[in-house]
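Listed below, chain by chain, are the residues.
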Amino acid sequence: MASKLTKEEDSSSSSDEGFVILSATAAAPRWQSDRVTAAVGIEKSDDADHAAGDARRYKQSSSSNVNETQSSSSAASVNKSADKSSTARKPANNLPHAPPRSKKSPSSQRPSLQQHHRPRPTLQRSSSSSFNTSLRNIYKSTNQSFRTLRRQSSSIITSLNSNLPATPTGWALSALSLCSMGLQYELRLQKELTAPPIVFCQAGNGSGRSGSGVLNERMSRIYNKLTLPNDEVVASLNNKKKKKKEGIFSRTVKPSLFIGTRGVVASTAAYALGSKKHQDENKVQRVREVMKMGADGALIVLDWEIPLDDDDDDDDVAGSSNTSNSNSTTNNKIDITKPNSITKPIILLLHGMNNDSTFGYIRSMMHTATSRGWVAVCMNLRGQDGLHQVKNVTPRGYNAGYTGDLRGVVEQLEYRLMKRSSRSGSGGNDKDDEEDDYIGGPIYLLGYSLGANIVTKYLGEESLHGTLPKCIGGGAAMGNPLHIHSGTISFPWNMLLGAGVKRSILQNASTYMKHNEPGFQHAMKKALLAPTIGKLDDAAAPYLIRNNAYPPYSLRIGFKDGEEYWWESSSHRYVGHVSVPLLKISAQDDFLVFGQFQKKLNHCLENPNVVVVKTRCGGHLGWQESPPPSSTGEGGGGLLGGSGSWSDVAVADFIEALLQIRQEDREKRMKERRMRGGQEVQEEELVDAFTPPKLMSRL
């Protein structure tokens, strides 16, 4: 019985061994009998004719039993292929199979492309394999580097073990050699940093020629006293000792070993250590005063250190009788807060950010001032009581631009200075009378870091409008940034400063929680969550306290944002208007403010009343010097002594020079009055310009 073989492709029935399923089906015409179906597996080949010949030979050699078996298997395969392929059709009724689709012979059919193409790996598989390969390479290289390092370290350890000393004497000699090497390095570093300071000022030559204007005459005298070696400074204050003293501006700054040679360590020592030498309680009177501001009711804490005189004359000057030491102390406590009670110069200190009067550099400068016979007082900014006894009672804390608290303290201290009784028939003019009005004082403002910015801004505001009190004799600013911008502070100092401000907010949280102004609580929470001091300033700027820069310097609240707060608070905008001598000291290794200070240095040089001193070492408010000077009582703290600060001696000599020039000018005016035929001046008034009259003046 004739039959026709047709090859049907079924992608689902293909296997990886290279075989395909062929079905032998009959064309099922009317004149032909039933069709025999067989399913055989033949090897895949590109030659279609060869495949057809193999099929014929296989059919002729097969038996009837084999044909039946093949028919059943072929029917099963056809049914399976019909379920899986959409191209297969079900057989019609009374017919074993449906008619074929095409009558083409198997030799004419084109083999499927899927039979000759092996499936490619997916993209995910290729990327994962390359990633695993790279990881494997990294692992191998890492292991190789570790093995190399282990071999090298083992060789080093072996060599060290062979060279280590075996006796205690050998260990001692090795330790001494290491210490010697470290000391030699420190000595070399100290020698590199030892240099005289660089001084910038408009000092005339004092000869009256062109270039030595009237504004420079006073600064020229100050510069000569602080630069040229002379013995006038010591001889004028203490007639018993006449020792030639080198000027502070011409003397080299020699940093202390291991502390002064590194800016961060020097700053840490200045903050923490302070003065090791404490004066006897019988010679220094310490008083704490709480002053209430009239603008908003804020409480300002003043810590006083008042030198007590042993002589009877000095007790009379202080307004106390010649009684026992305890009575003198009690009288001084009372007199220091009364009008017309202070007969000595006052050094008013302002601390830096997150600091107070208990910090080392403040105590060191107060010790230096009292050792020279001056009254020292530290003004703690609102909410910054170091003893945690007085909290901020207002919802407004301190900031770098508000000068209202300093203005209020200066006005109160002015009333406490002893004044001369009014002269009747005086031949002098009004200006001379005003300058001679105060016996006590003058008041010198001394600021550190943020306090230096407040002092400079206050002097500029008051001098610009001619409202600076006559009792202000000058000022000094250490570590002043001039241009306030918290966003320029680098890590980690920006986070440390921000943490300090947050601590102050939490300490006064009870007061801040009582303030129900809309948005204030949200701003405080945002400030507490700020990571740096720049973000904190920007969050709290709309609720910071401020004042107008013109009389009457009224109180205001809020800035637009942090940029406006930083710009309005920067003291470089006001330093050009300062009308009294102002000393500014900065160090090249100051890691906080030297960059901003150097950018705005030209604003200081434009004012002839400003002297700028730049040192090679010192850090931020450090200036630990070795060996510290001890000719006038300050210093002597050794390597770790905060009283060995070079800035303390420089500021004290600067104030001393101002006091000398003030006394010389006063004596000169008195001589001119007497030569003009004016009122006769008493001889003792010429000898001691600070001797008070017998009768106190009234307020």
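Residues numbered from 1 in each chain as written. Predicted model: local features only at pLDDT ≥ 70, side-chain atom pairs only at ≥ 80, totals over all residues. Heavy atoms only, no water.

## Thoughts on the sheet that holds strand β8 (residues 375–380)
So, step 1. The strand order across the open sheet built from 9 strands is β4-β14-β13-β10-β9-β7-β8-β6-β5, with neighbouring strands paired in mixed fashion. Taken across any chain shown, the strands that pair with only one partner, and hence form the sheet edges, are β4 (198–200) and β5 (284–292). Taken pair by pair, the neighbouring strands of this sheet meet at an average axis angle of 20°, ignoring direction.
So, step 2. Here 5 bridges tie strand β7 (residues 346–350) to strand β9 (residues 443–448), and the two strands are oriented parallel to one another. Within β9, the residue paired with I347 across the bridge is Y444.
So, step 3. Helix α11 (residues 404–416) contacts β5, β6 (299–307), β7, β8, β9 and β10 (472–478) of the sheet and is inclined by roughly 165° relative to β7.
So, step 4. The strands that helix α21 (residues 646–675) touches are β7, β9, β10, β13 (582–587) and β14 (610–615); relative to β13, the one it contacts most, it runs at about 165°. (Pairing = 2+ DSSP bridges. Helix = DSSP H or I, 4+ residues; strand = E, 2+ residues; numbered from the N terminus. Axes fitted to C-alpha atoms, helices over the stretch in contact; angles between N-to-C directions. Contact = heavy atoms within 4.5 Å.)

## A look at the packing of helix α17 (residues 533–540) against helix α18 (residues 562–569)
So, step 1. Taken N-terminus to C-terminus, the directions of α17 and α18 make an angle of 95°; their axes are 7 Å apart at the nearest point. Viewed along their axes, α17 and α18 adopt a mutual orientation that is roughly perpendicular. Only G562, Y565 and W566 of α18 make contact with α17, whose side of the interface consists of G534, D537 and D538.
So, step 2. For the contact of α17 with α18, a count of residues per class yields 2 nonpolar, 2 polar and 2 charged. (Parallel < 35°, antiparallel > 145°, perpendicular 65-115°, else oblique. Nonpolar A, V, L, I, M, F, W, Y, C, P; charged D, E, K, R; others polar.)

## Thoughts on helix α16 (residues 520–529)
So, step 1. What α16 keeps buried is the set F520, A523, M524 and A527. Seen along its axis, α16 keeps its buried residues to an arc of 100°; they face one direction. Along α16, the residues that are exposed and aim more than 90 degrees away from the buried face are H522, K525, K526 and L529.
So, step 2. Where the residues of α16 are buried, they touch α14 (493–507), α15 (509–513) and α17. (Buried < 20%, exposed > 50% of the residue type's maximum accessible area, 1.4 Å probe, protein only. Arc of directions from axis to C-beta.)

## Digging into α11
So, step 1. Here α11 is 13 residues long and its end C-alpha atoms lie 19 Å apart, about the 18 Å a rise of 1.5 Å per residue gives.
So, step 2. Among the residues of α11, those classed as buried are G404, D405, L406, R407, G408, V409, V410, L413, E414 and R416. (Expected span 1.5 Å × (residues − 1).)

## Description of a nonpolar patch on the surface
So, step 1. A contiguous nonpolar surface patch, about 410 Å² in accessible area, is contributed by I156, L160, L164 and W171.
So, step 2. Inspection of the secondary structure assignment puts L164 in the loop between α3 (123–163) and α4 (168–193).
So, step 3. Owing to a relative accessible area of 41%, L164 belongs among the partly exposed residues under this scheme. (Patch = residues over 30% accessible without salt bridge, like charges linked within 9 Å, V, L, I, M, F, W, Y side chains within 5 Å. Areas by Shrake-Rupley, 256 points an atom, 1.4 Å probe, with all protein chains shown as cover. Salt bridge = Lys/Arg side-chain N within 4 Å of Asp/Glu carboxyl O.)

## Notes on unusual backbone geometry
So, step 1. For the bond running from F491 to P492, omega is 5°, close enough to zero to count as cis.
So, step 2. Considering the arrangement of structural elements, one finds P492 in the loop between β10 and α14.
So, step 3. With a phi angle near 60°, N340 is a residue other than glycine that sits in the positive phi range.
So, step 4. Here N340 lies in the loop between α9 (325–335) and β7.
So, step 5. In this structure, N354 takes a positive phi of about 60° despite not being glycine.
So, step 6. Along the chain, N354 falls in the loop between β7 and α10 (360–371).
So, step 7. Assessed through its relative accessible area of 9%, N354 is described here as buried.

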